[in-house]
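In case you want the letters, here they are:
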Amino acid sequence: MGPVLAGVLQLVALIAALALVYIPLGNYMAKVYSSEKHLRAEKWLYKGIGANPDTEMTWPAYLRGILAFSAVGVLFLYLLQRLQGVLPGSLGFESVNPAQSFNTAVSFVTNTNWQSYYGEQTMGHVVQTAGLAVQNFVSAAVGMAVAVALVRGFARSRTGELGNFWADLVRGVVRILLPLSVVAAIVLVACGAIQNFSGIHEVGQFMGGSQQWNGGAVASQEAIKEIGTNGGGYFNANSAHPFENPTPFTNLFEIFLLLVIPFALTRTFGVMVGSVKQGYAILATMFTIWLGFVALMMWTEFAHHGPALQAAGSALEGKEVRFGVGSSSIFAVSTTLTSTGAVDSFHSSFTGLGGGITMLGMMLGEIAPGGTGSGLYGMLVMAIIAVFIAGLMVGRTPEYLGKKIGTREIKLAACYILITPALVLVFTAASMALSTPQNSMLNSGAHGFSEVLYAFTSAANNNGSAFAGLNANTDWYNTMLGLAMLLGRFLPMVFVLALAGSLAEQRPVPVTAGTLRTEKPLFTGLLVGAILIITGLTYFPALALGPLAEGLAS
Amino acid sequence: MNNSVTNTARLLGAGLRALLVLTVLTGVIYPLAVTGVAQALFNNKANGSEVSYEGKVVGSSLIGQQGYSLDYFQPRPANGLGENSVNTQYKLLLSGATNLSADSKDLLKQVDEAKAKVVKDNSVAGYTVKPSEVPADAVTSSGSGLDPDISPAYADLQVHRIAEKNGLTVAQVQKLVDDHTSGRTLGFIGEPRVNVLELNIALKALVAKG
């Protein structure tokens, strides 16, 4: 069997596994967020928080909860790193400097997990486990909470009530993320991922001498890193490191984990709005884009254009033998079309076009299938835009799921889709205009520009992967990428929740013969087209200067 | 005004309490519980899959090593592997890739030089390696810099050299390689591979046996 066929078979197996769990997991999550009952453990947690989980919140209250929780999260994680040197469980590692601590704290709270530090030499057990890994759980749960609030906005009418943030947060962690992570972590350990709290291992080497590596709670962090579409590696090499991703099977398993919730949430959406067909239409849109991107990536990586890759004979630079080109291509597309940003191979050494595909995946807004929660709400905003475009064509007030898309709704949706590109392009332009930020580039020419464009695309879209040649541990990048992550996470959430609030207040309009049927393939086609055209028009000039210039030259 | 300050403080208080209780759950109980299960059921794996030769630990089967002499099978290059620059009381392996681009002149130079060396090292009396026969994994650095494996093609390429250097027959060494080649998992997952450390341990044992 050739590597291309093996790559395709892995893709088929992955799709089959995702299809198998789609309905049960999607239905289960719908039940979790609709249930009236509280588990006993949850009641303890609510008591600890001091919140009544049955109080309904309006959108501003829901938003305030998110902002307060996230602000405290940033501050806590910042202090934990600043104080690492004097805390126990640090392995003797010193405290992290202010700019890097800020960057890392923001990065993990915003579900980005951009890392300007080397995990194995910077973060001790306590910061990794009680700081970073905790945000892996809660930032994912916050994303799902916002998505569920938006879905309730569609499902409910003539009310301002969107649910209770604390209840959605706790349920997301306790009933969804935690059980899945326990199972996944044990599978990973069984395959060779490490899980211990011993200090630095020093072991002998075959030719004499010794090597030192870190122990750590790696498997438990790896599991939620993928399930919560976080992506922050325990080690610098992330999921390319054999202790995080030891075998070909774990590689496929990790791809499955990072895709499973974002895809299944379309089912949750369908169930909660009372029409699973609407969920299928959204799923079909996500799946079409994802599959198309995987096909393109496999094609360009197997073709391995570029002088160095041609000389080597295959695009194996930055890739592990056990995964090979096929499996690495699936991982790269899946991690950049979700908000994960974990890598099993290094995107900077992909072909010019392959690197462009990872960037374009993030630029689409990470909605195919996108991050845990953020993928669904991003895609629903795009659906509103698509419905609006269709409405313009026939001169009819657009509706989606029985709600009128009026001036207020379309303004909020437009703000949502404008904010991230604005952040990416302005910060990239500023970095290119100033002289010092350019010193951080490793490569020169088009690829050097791509490194900077990639960094801000990754930060503003809360992805976290990198063209990692860029030295991002400077005050400029630590600060500016930190700001891009903060604004790229929370401004869109403001618009989404405001949108949810205004949708929930409407009374539903009845379906008539003139209603656009948003559960039909025609709408899926329209939506895919709208996504590609809007993103293409926004980013084409920037892409032309970077990956397209590099890809077409080789 | 005063009212909104109080409200904000109360909200931040709730946020802090939520963070603390969830930290206990997901940052303390969860990792400890997983560690307990892992240590009980998969002790060796949870601690890094260390391998021994003649009673001495010689590394981890998952972590590739550099510095093998030419008597042994060579691993992939690891030009992205680093040394730690902070907390230098330790000498930690700093995993990583080169991150050089496909059109990088530096990368092209690395590939060309590695290829020339592979050709030179492995061309022995009666067996000449052509540059076109050198597989890609022999001349490229992995993503982690710690890739424990090489492709079966690269192992095969080294068989004649290993046989000559160790006074073994080509057939003996080829059998050794074949025995240590893992196919794709279930026939289609990942790529075929040979674990360099395990292969070299077996080689050493074979040579010691005579």
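From a predicted model like this one, the values you see are computed outputs, not experimental measurements. (Residues numbered from 1 in each chain as written. Chains lettered and ligands numbered in written order. Predicted model: local features only at pLDDT ≥ 70, side-chain atom pairs only at ≥ 80, totals over all residues.)

Student: I keep staring at the overall build of chain A and nothing clicks. Help me out?
Tutor: Helix and strand counts for chain A come out as 18 helices and four strands. Taken over C-alpha atoms, the radius of gyration comes to 22 Å for chain A, in line with the 24 Å a tight globule of 554 residues would show. Along the first, second and third principal axes, the C-alpha set of chain A runs to 75 × 55 × 50 Å. Across the 554 residues in chain A, those meeting the buried criterion constitute 64%. Across chain A, contacts joining residues at least 24 apart in sequence account for 78% of those joining residues at least 6 apart. (Helix = DSSP H or I, 4+ residues; strand = E, 2+ residues; numbered from the N terminus. Rg over C-alpha atoms; globule rule 2.2 N^0.38 Å. Buried ≥ 20, exposed ≤ 12 C-beta atoms within 10 Å, placed from the backbone. Contact = placed C-beta atoms within 7 Å.)

Student: Please clarify how the overall build of chain B should be interpreted in this entry.
Tutor: On a plain count of helices and strands, chain B comes out with six helices and seven strands. Mapped from its N terminus to its C terminus, chain B presents α and β elements in the order α-α-β-β-β-β-α-β-α-α-β-β-α. The C-alpha radius of gyration computed for chain B amounts to 25 Å, which surpasses the reference 17 Å derived for 210 residues by more than 25%, pointing to a less compact arrangement than a globule. Here the C-alpha coordinates of chain B stretch approximately 90 × 45 × 40 Å along the principal axes. Among the 210 residues that make up chain B, the fraction classed as buried is 47%. Considering only residue pairs separated by 6 or more positions, chain B has 55% of its internal contacts joining residues 24 or more positions apart.

Student: What is the right way to read unusual backbone geometry from this model?
Tutor: Excluding glycine, residues mostly carry a negative phi; peptide bonds, for their part, are mostly trans. Residue alanine 368 of chain A is joined to proline 369 of chain A through a cis peptide bond whose omega torsion reads 5 degrees. Even without being glycine, asparagine 111 of chain A reaches a positive phi, approximately 65 degrees. Inspection of the secondary structure puts asparagine 111 of chain A in the loop between helix H4 (98-109) and helix H5 (119-122). Residue asparagine 111 of chain A is classed as buried on the basis of its 31 C-beta neighbours within 10 Å. The phi angle at asparagine 99 of chain B is positive, at roughly 60 degrees, despite the residue not being glycine.

Student: Explanation requested: the domain arrangement of chain B in the structure shown.
Tutor: Accessible area lost upon the coming together of the parts serves often as the stated size of an interface. Segmentation of chain B into domains returns domain 1 (2-43) and domain 2 (51-209). Inter-centroid distance (C-alpha atoms) of domain 1 of chain B to domain 2 of chain B is 44 Å. (Domains from an automatic or database assignment.)

Student: Could you clarify how one ought to interpret helix H1 (residues 3-34) of chain A in this entry?
Tutor: Since the α-helix turns once every 3.6 residues, residues separated by three or four places project in the same direction. Residues and elements named next belong to chain A. The terminal C-alpha atoms of H1, which comprises 32 residues, lie 45 Å apart, in line with the 46 Å expected from a rise of 1.5 Å per residue. Along H1, the largest kink reaches about 45 degrees and is centred on tyrosine 22; proline proline 24 follows within four residues of it. Restricting attention to buried positions, one finds in H1 the residues Ala6, Gly7, Gln10, Leu11, Leu14, Leu25, Gly26, Met29, Ala30 and Tyr33. Next to the buried residues of H1 lie helix H6 (125-155), helix H7 (165-191), helix H9 (248-272), helix H10 (276-303) and helix H12 (324-337). (Expected span 1.5 Å × (residues − 1). Bend = angle between axes of the 7 residues up to and from the residue.)

Student: Help me out: how do you make sense of the packing of H9 of chain A against H10 of chain A in this one?
Tutor: Axis angle and axis distance: for two packed helices, these are the angle between their axes and the distance between the axes, and together they describe the pair. All names here are of chain A. Interhelical geometry of H9 versus H10 gives an angle of 155 degrees and a closest axis separation of 6 Å. When the axes of H9 and H10 are compared, the pair comes out roughly antiparallel. Crossing of H9 against H10: the hand is right-handed. Note on element contacts: H10 touches H9 through Val276, Lys277, Gln278, Gly279, Tyr280, Ile282, Leu283 and Met286, opposite Phe263, Thr266, Arg267, Phe269, Gly270 and Val271. (Axes fitted to C-alpha atoms, helices over the stretch in contact; angles between N-to-C directions. Parallel < 35°, antiparallel > 145°, perpendicular 65-115°, else oblique. Left-handed = near helix turned anticlockwise from the far one by under 90°.)

Student: How do you make sense of the packing of helix H4 (residues 152-166) of chain B against helix H5 (residues 170-179) of chain B when you look at a structure like this?
Tutor: Residues and elements named next belong to chain B. Look at H4 against H5: their axes get within 9 Å of each other, and the N-to-C directions meet at 140 degrees. Between H4 and H5 the crossing geometry is right-handed. Taking contact as the criterion, the partners of Ala155, Asp156, Val159, His160, Ile162 and Ala163 in H4 are, on H5, Val170, Val173, Gln174 and Val177. Partitioned by chemical class, the residues of the contact of H4 with H5 number seven nonpolar, two polar and one charged. (Nonpolar A, V, L, I, M, F, W, Y, C, P; charged D, E, K, R; others polar.)

Student: Which parts of the structure should I look at to understand the interface of chain B and chain A?
Tutor: On the side of chain A, 105 residues touch chain B, which itself brings 87 residues to the contact. For the side of chain B that touches chain A, the secondary-structure elements that each account for two or more residues are helix H1 (2-41), helix H2 (43-46), strand S2 (56-60), strand S4 (93-94), helix H3 (105-122), strand S5 (149-150) and helix H6 (196-209) of chain B. When its residues are assigned to classes, the side of chain B that touches chain A shows 41 nonpolar, 33 polar and 13 charged.

Student: Help me understand the sheet that holds strand S7 (residues 193-195) of chain B in this model?
Tutor: The strands that make up a sheet are held in pairs by hydrogen bonds between backbone atoms, and each pair lies either parallel or antiparallel. Residues and elements named next belong to chain B. Taking strand neighbours across the sheet as the criterion, the three strands line up as S5-S7-S6 in an open arrangement whose pairing is antiparallel. The sheet terminates laterally at S5 and strand S6 (181-182), the two strands that pair on one side only. Note that S5 and S7 share two bridges and pair antiparallel. Across the sheet, isoleucine 150 pairs through a bridge with valine 194, a residue of S7. Packed on one face of the sheet, H6 meets S5 and S7 and runs near 60 degrees to S7. (Pairing = 2+ DSSP bridges.)

Student: What exactly am I supposed to notice about the confidence of the model for chain B here?
Tutor: It should be kept in mind that the predicted coordinates are not to be read in detail where pLDDT is low. Summarising the model, chain B shows a mean pLDDT of 96, and 100% of its residues fall at 70 or more. Interface confidence for the predicted complex, expressed as ipTM, amounts to 0.97; the pTM equals 0.97. (pLDDT = per-residue confidence, 0-100.)

Student: Is there a simple way to explain the pairing of S2 of chain B in this structure?
Tutor: Looking down a regular strand, the side chains alternate between one sheet face and the other. All names here are of chain B. In the sheet, strand S1 (residues 50-53) pairs with S2 via four bridges, with the strands oriented antiparallel. Bridge assignment links serine 52 to a residue of S2, and that residue is valine 57. Counted between consecutive antiparallel strands, the loop separating S1 from S2 contains two residues, among which glutamate 54 sits at a positive phi close to 50 degrees.

Student: Is there a simple way to explain the environment of aspartate 147 of chain B in this structure?
Tutor: Assignment of secondary structure puts aspartate 147 of chain B in the loop between H3 and S5. On a C-alpha basis, the gap between aspartate 147 of chain B and leucine 108 of chain B in space is 21 Å, while along the polypeptide they are 39 residues apart.

Student: How should I be thinking about the environment of isoleucine 201 of chain B in this particular structure?
Tutor: All names here are of chain B. As for its position among the elements, isoleucine 201 is in helix H6. Along the primary structure isoleucine 201 and aspartate 178 are separated by 23 residues, whereas in three dimensions their C-alpha atoms are 15 Å apart. What isoleucine 201 contacts, discounting residues up to four positions off in sequence, is Val51, Tyr53 and Val58.

Student: What is the right way to read the environment of glycine 96 of chain B from this model?
Tutor: Looking at the secondary structure, you find glycine 96 of chain B in the loop between S4 and H3. Looking at glycine 96 of chain B, the number of C-beta atoms within 10 Å reads 28, which means it is buried. Non-local contacts of glycine 96 of chain B, meaning those with residues more than four positions away in its chain, are made with Asn236 and Ala237 of chain A together with Gly80, Leu81, Gly82 and Gly145 of chain B.

Student: Before we go on, may I ask you to explain helix H15 (residues 407-433) of chain A in this structure?
Tutor: Residue and element names in this part refer to chain A. Spanning 27 residues, H15 covers 37 Å between terminal C-alpha atoms, matching the ideal 39 Å at 1.5 Å per step. Buried within H15 we find Glu409, Leu412, Ala413, Tyr416, Ile417, Thr420, Pro421, Leu423, Val424, Phe427, Thr428 and Ser431. In this structure, the buried side of H15 is in contact with helix H14 (374-394), helix H16 (445-460), helix H17 (475-505) and helix H18 (521-553).

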